[in-house]
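Descriptive structure summary
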Amino acid sequence: MVKSILQRWLSWIFGKAAQGRPALPASRAQAPESRGHSLPAGEGVQAIPGPTVIGVRRPLISSAGAVAGFEFRMGEDVVRELKRQADPHAQATRLAALLTSASVMAQAGRIGFARMPAEWLLHARALEVGPGVLIGLESTLPVVPLAPATVAMEQAVLALRAKGVQVGWGLELGAKILPDFVLLRQGAHSMSTLLDSLGARPVEWKGLPVLVTDIGNVEELEMALYNGVTYACGELDSEPVIAEPAGKHPVPPEVRRVGLLLNQLASGADTAVIVDQIKGDVGLSYRLLSRINSASYAQLGSYASVEQAVLLLGRHELYRWLSLLLVQFAGSRKTSSALQEMALWRSRLLELLAIENHEASPDQFFTLGLASMLGQILKISQAEVVSTLSLPAFATQALLEHAGPWYPYLHMATRIETHALEQSAELVAQFGGTARLLILSDQAWRWAAEQASHANVPDAAKAV
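None of these values were measured; they are calculated from a predicted model.

What follows is about the overall build of the chain. Tallying secondary structure elements over the chain gives 18 helices and 8 strands in all. Within the chain, the fraction of its 464 residues that count as buried is 56%. Carbon and sulfur atoms make up 56% of the accessible area of the chain, which amounts to about 18,900 Å² in all.

This is the structure:
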């Protein structure tokens, strides 16, 4: 039943065509009042392998800077069409699919945050949802008070709370009861203006957790988290191939050392030269030996050498391992953990898309995905990223020029991140359709979560 609802929902949402989008190369285009106002604890909670989540999502970042869960919502065009149709059954069906995705995420150990028009809350009351699900109610514009339905909607909130669901909204809804959390949208407002508005809340609202969505960039998101916002999400990298990070830093020396090794591997340097370079860096040698001495390579015992480690991994896996180390050099910025997981997701997604499209070297697309996030993570320019990683020509073209045969892969990842697949329907079809893209995206997120959980262990090298 759930599967059929999801399939109908996906096909309805993304059945429209769009023009003027990047194309694939022709050869490949085939408990109520005593609840205490505390949101679910997302810090340190890692997603576990579980059932596939069908739905577009974006990371929900906790005040600690980690991915605590994911936001699920329907596109604005979809919501407008559903409101125009005024068909309660159609609305309930789409809402069921949305909350199913949020519920599956909660069952996998992370928060599932679902956004919906406030007037649809009555549909949610009878659905099977439980702890770990947050529902954010958004007002209809222009703002229409909930007056006629206030009692019924308040009863729906209480019924959902009894199931362990937490429901949030903003002051504009005019409900008589307090929400479980305050929901704010940044939109066109500056973050400083939005934060100032928090100080003007009624006294009884000031102890509530705050969730801010639709944040425009990483710097604004970090400002929110540094100033008391509990959870935040938005388009953290909406134009990854051309955006330059604010307050650029010089390339860290450890990144340069890893970049040199990557260049030597890519250019075919002798293995003995690679071994000497690694042995000349105590920290890198320790990470590599810790990796080889982990349970994955228990057959070597505890006496593996750098030479053995390099030979056992092979040049391909060594290149991948070194590439992944780069995402762990994000320094002390607030969102470093979340950005690392996002980079892992994008890298794996591009690799899976390349495999699906029978590209000759899918591993190079993995590196392309990683490179597209390194500027944000390390606060260095895209040109420095390209130079450090010694990227192939097509990857460089995609990153610096928004062009070339590899650019559609980056463009597709961005569309998935920003909940904008319906704006690139023609390209979506060339990549196998919406349902297939979302399955691959879910696989990539689960892989990224597993890698990120290992990276939280003191031995950072276990992240690969």
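A few words on helix 2 (residues 76–85). Residues Val-78, Val-79 and Leu-82 constitute the buried set of helix 2. All buried residues of helix 2 project into a common sector of 100° when viewed along the axis, lining one side. A positive phi of about 50° marks Ala-86, the residue just after helix 2.

Before going further, it helps to spend a moment on the packing of aromatic side chains. Counted under the stated rule, the structure contains 8 aromatic pairs. Centre to centre, the rings of Phe-113 and Phe-181 are 6.4 Å apart; their planes meet at 75°, and the pair counts as edge-to-face. Of the two residues, Phe-113 is situated in strand 3 (residues 111–117) and Phe-181 in strand 6 (residues 181–185); the sequence distance between them amounts to 68 residues. Across this residue pair, the class does not change: Phe-113 and Phe-181 are buried. Ring centres 4.3 Å apart and planes at 40° place the aromatic pair Phe-365 and Trp-406 in the tilted group. You can see Phe-365 sitting in helix 13 (residues 362–378) and its partner Trp-406 sitting in the loop between helix 15 (393–401) and helix 16 (407–417), a full 41 residues away along the chain. The pair formed by Phe-365 and Trp-406 is uniform in burial state, with each residue classed as buried. Each residue in the set Phe-365, Phe-394, Trp-406, Tyr-409 and Phe-431 is aromatic and connected to the rest through ring pairs, giving one cluster. Between the NZ or CZ atom of Arg-57 and the centre of the ring of Phe-70, over which it lies, the distance is 4.6 Å. The residue whose ring lies beneath Arg-320 is Phe-366, and the NZ or CZ to ring-centre distance is 4.1 Å.

Quick look at the sheet that holds strand 2 (residues 67–72) now. The strand order 1-2-3-4-5-6-7-8 describes a closed barrel built from 8 strands, whose pairing is mixed. Here the strands of the sheet are splayed against their neighbours by 25° on average, with no regard to which way each runs. In this sheet, strand 8 (residues 231–234) lies alongside strand 1 (residues 57–62) in antiparallel orientation, the contact comprising 2 bridges. Bridging across to strand 8, Ile-61 finds its partner in Ala-232. Helix 6 (residues 191–199) rests against strand 6 and strand 7 (210–215) of the sheet, and its axis sits at about 160° to strand 7.

We now examine the environment of Ala-68. With respect to the helices and strands, the residue Ala-68 is situated in strand 2. A C-alpha to C-alpha distance of 9.0 Å links Ala-68 and Pro-40, two positions 28 residues apart in sequence.

Counted under the stated rule, the structure contains 19 salt bridges. The closest approach of N and O atoms between Asp-442 and Arg-57, which form a salt bridge, is 2.3 Å. With Asp-442 in helix 18 (residues 434–455) and Arg-57 in strand 1, this residue pair connects regions lying 385 residues apart in the sequence. According to the relative accessible area criterion, Asp-442 is buried, its value standing at 2%. Arg-57 gets classed as buried once you look at its relative accessible area, which sits at 6%. Salt-bridge contacts for Arg-73 lead to Glu-71; the nearest nitrogen and oxygen are separated by 3.7 Å. Ionic contacts of the salt-bridge type, sharing partners, join the residues Arg-58, Glu-71, Arg-73, Arg-115, Glu-138, Arg-185 and Asp-214 into one network.

Right, let's get into the pairing of strand 4 (residues 133–138). Strand 4 sits mainly inside the fold: 6 of its 6 residues count as buried. The pairing of strand 3 with strand 4 spans 6 bridges and is parallel. Note on strand 4: the bridge partner recorded for Pro-117 is Glu-138. Here strand 4 runs beside strand 5 (residues 166–169); their pairing, made up of 3 bridges, is parallel. Paired with Leu-134 across the bridge in strand 5 is Gln-166.

A word on the packing of helix 10 (residues 282–292) against helix 11 (residues 306–326). The interhelical angle for the contact between helix 10 and helix 11, taken along N-to-C directions, is 110°, at an axis separation of 11 Å. If you check the angle between helix 10 and helix 11, you find them roughly perpendicular. Packed against helix 10, whose contacting residues are Leu-284, Ser-285, Arg-287, Leu-288, Leu-289, Arg-291 and Ile-292, the element helix 11 presents Val-306, Ala-309, Val-310, Leu-312, Leu-313, Leu-318, Trp-321, Leu-322 and Leu-325 at the interface. Class assignment of the residues belonging to the contact of helix 10 with helix 11 gives a composition of 13 nonpolar, 1 polar and 2 charged.

In contact at an axis separation of 7 Å, helix 12 (residues 336–356) and helix 13 are set at 155° when each is read in the N-to-C sense. By the criterion of interaxial angle, the relationship of helix 12 to helix 13 is roughly antiparallel. In this structure, helix 12 meets helix 13 at a crossing whose hand is right-handed. Between helix 12, through Leu-339, Gln-340, Met-342, Ala-343, Arg-346, Ser-347, Arg-348, Leu-350, Glu-351, Ala-354 and Ile-355, and helix 13, the contact on the second element is made entirely by Pro-362, Asp-363, Phe-365, Phe-366, Leu-368, Gly-369, Leu-370, Ser-372, Met-373, Gln-376 and Ile-377. Taken together, the residues that form the contact of helix 12 with helix 13 break down as 13 nonpolar, 5 polar and 4 charged.

For the rest of this paragraph, the subject is the side chain of Ser-372. Assignment of secondary structure puts Ser-372 in helix 13. Given a relative accessible area of 1%, Ser-372 falls into the buried group. Looking at Ser-372, its side chain comes within polar contact range of the side chain of Arg-346, at 2.7 Å.

When you line up the elements, Glu-220 lands in helix 7 (residues 218–226). Discounting chain neighbours no more than four positions away, the residues touching Glu-220 are Gln-186, Ser-190, Met-191 and Ile-215.

Turning our attention to the nonpolar core. In terms of nonpolar packing, the biggest core is built from 124 residues, with Ile-135, Leu-137, Ile-278, Leu-288, Leu-318, Leu-322 and Leu-368 touching the most fellow members. Apart from the residues within four sequence positions on either side, Ile-135 is in contact with Leu-99, Phe-113, Ala-114, Met-116, Leu-160, Val-165, Gln-166, Val-167, Gly-168 and Phe-181. Leu-39, Leu-60, Tyr-231 and Cys-233 belong to the second largest nonpolar core, which has 11 residues in total.

What counts, and where the lines are drawn
- Sequence order as written defines the numbering, with residues in each chain counted from 1.
- Per-residue local features of the predicted model are confined to residues with pLDDT of at least 70, and side-chain atom pairs are confined, for both listing and counting, to 80 or more; whole-chain, interface and lining totals are unaffected and use all residues.
- As a convention, hydrogens and water are excluded, and side-chain values are obtained from all of the structure's heavy atoms.
- The secondary structure listing takes helices from DSSP runs of H or I that are at least 4 residues long and strands from runs of E that are at least 2 residues long, numbered from the N terminus.
- Note on exposure labels: buried denotes an accessible area under 20% of the residue type's maximum, exposed denotes more than 50%, and partly exposed covers the range between, all computed with a 1.4 Å probe on protein chains only.
- The Shrake-Rupley method, run with a 1.4 Å probe, gives the accessible areas here. Residue values count only the displayed protein chains as cover.
- This arc describes the spread of directions from the helix axis toward the C-beta atoms.
- Each Phe, Tyr or Trp ring, with Trp reduced to its six-membered ring, pairs with another whose centre is within 6.5 Å; inter-plane angles below 30 degrees give stacked pairs, above 60 give edge-to-face pairs, and intermediate values give tilted ones.
- Ring-over charges, as used throughout, are those where CZ of Arg or NZ of Lys falls within 6 Å of the ring centre and within 35 degrees of the ring normal.
- Strands qualify as paired when DSSP identifies two bridges or more between them.
- Here an angle of 0 to 180 degrees is reported between the N-to-C directions of two axes, which are lines fitted to C-alpha atoms, with helices fitted over the stretch in contact.
- What makes two residues a contact is simply this: any of their non-hydrogen atoms within 4.5 Å.
- Here, a salt bridge means any Lys or Arg side-chain nitrogen found within 4 Å of an Asp or Glu carboxyl oxygen.
- Working rule for angles: under 35 degrees goes down as roughly parallel, over 145 as roughly antiparallel, 65 to 115 as roughly perpendicular, anything else as oblique.
- Residues are sorted three ways: Asp, Glu, Lys and Arg are charged, Ala, Val, Leu, Ile, Met, Phe, Trp, Tyr, Cys and Pro are nonpolar, and all the rest, Gly among them, are polar.
- Helix crossings get a hand from a simple test, with the near helix turned counterclockwise from the far one by less than a right angle marking a left-handed crossing and a clockwise turn marking a right-handed one.
- Nitrogen and oxygen atoms within 3.5 Å of one another constitute a polar contact, given that in protein one can donate a hydrogen and the other can accept it, and given that sequence-neighbouring residues count only through two side-chain atoms.
- Take the buried residues of types Ala, Val, Leu, Ile, Met, Phe, Trp, Tyr and Cys, join any two whose side-chain atoms come within 4.5 Å, and each joined set is a nonpolar core.

Don't take any of this as a statement about function, it's just geometry.
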